[in-house]
Amino acid sequence: MRGETFRRVVQAVPAIVFAIVIVGEGGLVFALGVIAIGIICMHELYRMMRRARPIDLAGFLALAALCLTALYGRRSQLVLVIVLALAVTFLLALVRERRRDVAWGIAATMLGIVWIGLAIAHAILLRQLPHGGGLMLDVLIGTFIADTVAYFGGRAWGRRQLAPRISPNKTVEGLVSGIVGGTFAFWLFGLAYQHEWFHGGDRLIIGLAVAIFAPLGDLFESMIKRDLGVKDTGRFFGAHGGALDRLDAVLFTVVAGYYVSVAVLR
């Protein structure tokens, strides 16, 4: 277990540095950074779903449009971007020489837009909130600590399978460990350098939401991969899989973190 922990930490260092830099800069730098990450994740998804023949270009354009709208527009305008994305997907499907199973291609494309594109856009919305840089880091820390504690808690105490048909290795004990660990990590990190404005009760509520939604994001991706018969989405992180494997939980927690923060921090 010590060797596994060391490998995870070493492989996470470049990603941690990258996250700190773009979160610290905020604005357009953060938006461009998360757009790049989102395109990598979307490419991995579309590659897994290649038999459905998704319209990749439509997905990439929609992701960029969602992010730029989140940066320069209003949250309500994201719905308009989704509507236009469907129209663009249809038009790009029309110019294809082969249109067999085009319905599956459009569906696969829209899955990437809604799942990945909207989540990445909410990361930008979260970063733009007052104290958004700190909140974004808190969400990332809470998410990854929840995942790590769930992994080791499951290995140490896991007895009852959580979702055997989706992810046989996940256990109820690991889930509980992750929720407790992720919530505490979020609360503690906020206490360390945000105590002047981030009250303990607010940290606890937002941290709990992040820790609960993290395993849901993980299970969602596991269900997609199991249905497609894929073990890893790619090799972006070497032996630990692709970008989507590492960020599946984040795609849920940034959305939860944003809306709970808006509701709690007034």
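These remarks concern the structure in this document. Residue numbers restart at each chain and count upward from 1, following the sequence in its written direction. pLDDT decides what is reported in this predicted model: residues at 70 or higher carry local features, side-chain atom pairs at 80 or more are listed and counted, and totals for whole chains, interfaces and linings draw on all residues regardless. Note that the side-chain values use all heavy atoms of the structure and ignore hydrogens as well as water.

1. Describing the overall build of the protein
The condition that has to hold: A helix here means a DSSP run of H or I that spans at least four residues, while a strand means a run of E at least two residues long, and both kinds are numbered starting from the N terminus. What the globule rule says is 2.2 Å times the number of residues to the power 0.38, and the radius of gyration is computed from C-alpha atoms. The classification of residues rests on relative accessible area computed with a 1.4 Å probe and restricted to protein chains. Under 20% of the type maximum is buried, over 50% is exposed, and intermediate values are partly exposed. Only heavy atoms enter the contact rule, under which two residues are in contact if any of them lie within 4.5 Å. Positive residues here are Lys and Arg, negative ones are Asp and Glu, while His and the chain termini are left out of the count. For the purpose of locating charges, the reference atoms are NZ of Lys, CZ of Arg, CG of Asp and CD of Glu.
A count of helical and extended segments in the protein gives ten helices and two strands. Relative to the 2.2 N^0.38 estimate, which gives 18 Å for 266 residues, the radius of gyration of the protein is 19 Å and therefore close to what a compact globule would have. For the protein, the spread of C-alpha atoms along the three principal axes comes to 55 × 40 × 30 Å. A burial count over the protein gives 46% of its 266 residues as buried. For the protein, restricting intrachain contacts to residue pairs at least 6 apart in sequence, the fraction spanning at least 24 positions comes to 73%. In the protein, 26 positive and 17 negative side-chain charges are present, and the distance between their average locations comes to 5 Å.

2. Some thoughts on helix H3 (residues 56-72)
Cut-off, in case you're wondering: Any helix carries an expected span of 1.5 Å times its number of residues minus one.
Compared with the 24 Å implied by 1.5 Å per residue over 17 residues, the 24 Å span of H3 between its first and last C-alpha is a close match. The complete set of buried residues in H3 reads Asp56, Ala58, Gly59, Ala62, Leu63, Leu66, Cys67, Thr69, Ala70 and Leu71. As for H3, its buried residues are in contact with helix H2 (27-48), helix H4 (77-94) and helix H5 (102-128).

3. So, the nonpolar core
Going by this rule: The nonpolar core is taken to be a set of buried Ala, Val, Leu, Ile, Met, Phe, Trp, Tyr and Cys residues, with the residues joined through side-chain atoms within 4.5 Å.
Ranked by internal contacts, the top residues of the largest apolar core, which has 58 residues, are Phe30, Leu45, Ile113, Ile116, Ile124, Met136 and Leu244. Per-element accounting of this core gives the leading share, 13 residues, to H5. Setting aside chain neighbours within four positions, we find Leu244 in contact with Cys41, Glu44, Leu45, Met48, Trp115, Ile116, Glu221, Thr233 and Leu251.

4. Comments concerning the environment of Phe90
When you line up the elements, Phe90 lands in helix H4. Judged by relative accessible area, which is 44%, Phe90 ranks as partly exposed. Along the backbone, Phe90 and Ile55 are 35 residues apart, and their C-alpha atoms lie at a distance of 9.0 Å.

5. Some details on the packing of H2 against H5
Any two packed helices are characterised by how steeply their axes cross, that is the angle between the axes, and by the distance between the axes. Heads up, the rule is: Axis definition: a line fit to C-alpha positions, over the contact stretch in the case of helices; interaxial angles, taken between N-to-C directions, run 0 to 180 degrees. Between 65 and 115 degrees an angle is taken as roughly perpendicular, under 35 as roughly parallel, over 145 as roughly antiparallel, and anywhere else as oblique. Left-handed is the label given to a crossing in which the near helix is rotated counterclockwise from the far helix by less than a right angle, and right-handed is the label when the rotation is clockwise. Side-chain classes follow a simple rule in which Ala, Val, Leu, Ile, Met, Phe, Trp, Tyr, Cys and Pro form the nonpolar group, Asp, Glu, Lys and Arg form the charged group, and the remainder, Gly included, forms the polar group.
Orientation of H2 relative to H5, taken along the N-to-C sense of each, is 160°, at an axis distance of 10 Å. Viewed along their axes, H2 and H5 adopt a mutual orientation that is roughly antiparallel. Every pair of crossing elements has a handedness; the one defined by H2 and H5 is right-handed. Contact with H2, carried on its side by Phe30, Ala31, Val34, Ile35, Gly38, Cys41, Met42, Leu45 and Tyr46, involves Ala108, Thr109, Leu111, Gly112, Ile113, Trp115, Ile116, Gly117, Ile120, Ala123, Ile124 and Arg127 of H5 and no other residues of that element. Taken together, the residues that form the contact of H2 with H5 break down as 16 nonpolar, four polar and one charged.

6. Some thoughts on the side chain of Thr253
By the element assignment, Thr253 lies in helix H10 (residues 250-264). Every residue in contact with Thr253, bar those within four places of it in the chain, is listed here: Val139, Thr143, Val210, Phe213 and Ala214.

7. Thoughts on the packing of aromatic side chains
Keep this limit in mind: The rule is short: rings of Phe, Tyr and Trp, with Trp giving its six-membered ring, pair when the centres are within 6.5 Å, and they are stacked under 30 degrees, edge-to-face over 60, tilted in between.
Following the criterion strictly, the structure yields eight aromatic pairs and no others. Ring centres of Phe186 and Phe198 lie 6.0 Å apart, and the angle between their planes is 80°; on these two criteria the pair is classed as edge-to-face. Of the two residues, Phe186 sits in helix H7 (residues 172-193) while Phe198 sits in the loop between H7 and helix H8 (200-228), which places them twelve residues apart along the sequence. Between Tyr258 and Tyr259 the ring centres are 4.9 Å apart and the planes differ by 75°, which places this aromatic pair in the edge-to-face class. Residue Tyr259 is classed as partly exposed on the basis of its relative accessible area of 37%. Feature note: the residues Trp115, Phe220 and Phe252 constitute an aromatic cluster, connected by ring pairs.

8. Here we look at a nonpolar patch on the surface
Formally: Here a patch means residues that are over 30% exposed by relative accessible area and free of salt bridges, tied together within 9 Å if like-charged and within 5 Å if nonpolar (Val, Leu, Ile, Met, Phe, Trp, Tyr). Exposure was quantified through the Shrake-Rupley algorithm and a 1.4 Å probe, taking into account, for residues, occlusion by the shown protein chains and nothing else. Salt bridge criterion: a side-chain nitrogen from Lys or Arg within 4 Å of a carboxyl oxygen from Asp or Glu.
On the surface, Leu28, Leu32, Leu68 and Tyr72 cluster together to form a nonpolar patch covering roughly 410 Å² of accessible area. At the level of secondary structure, the elements contributing two or more residues to the nonpolar patch comprise H2 and H3. Structurally, Leu28 is set in helix H2.

9. Describing the pattern of salt bridges
Taken as a whole and assessed by the stated rule, the structure comprises six salt bridges. Notably, a salt bridge pairs Asp56 with Arg50, separated by 3.0 Å at the nearest N-O pair. Judged by relative accessible area, which is 38%, Arg50 ranks as partly exposed. We note a salt bridge from Lys170 to Asp218, for which the minimum N-O separation is 3.6 Å.

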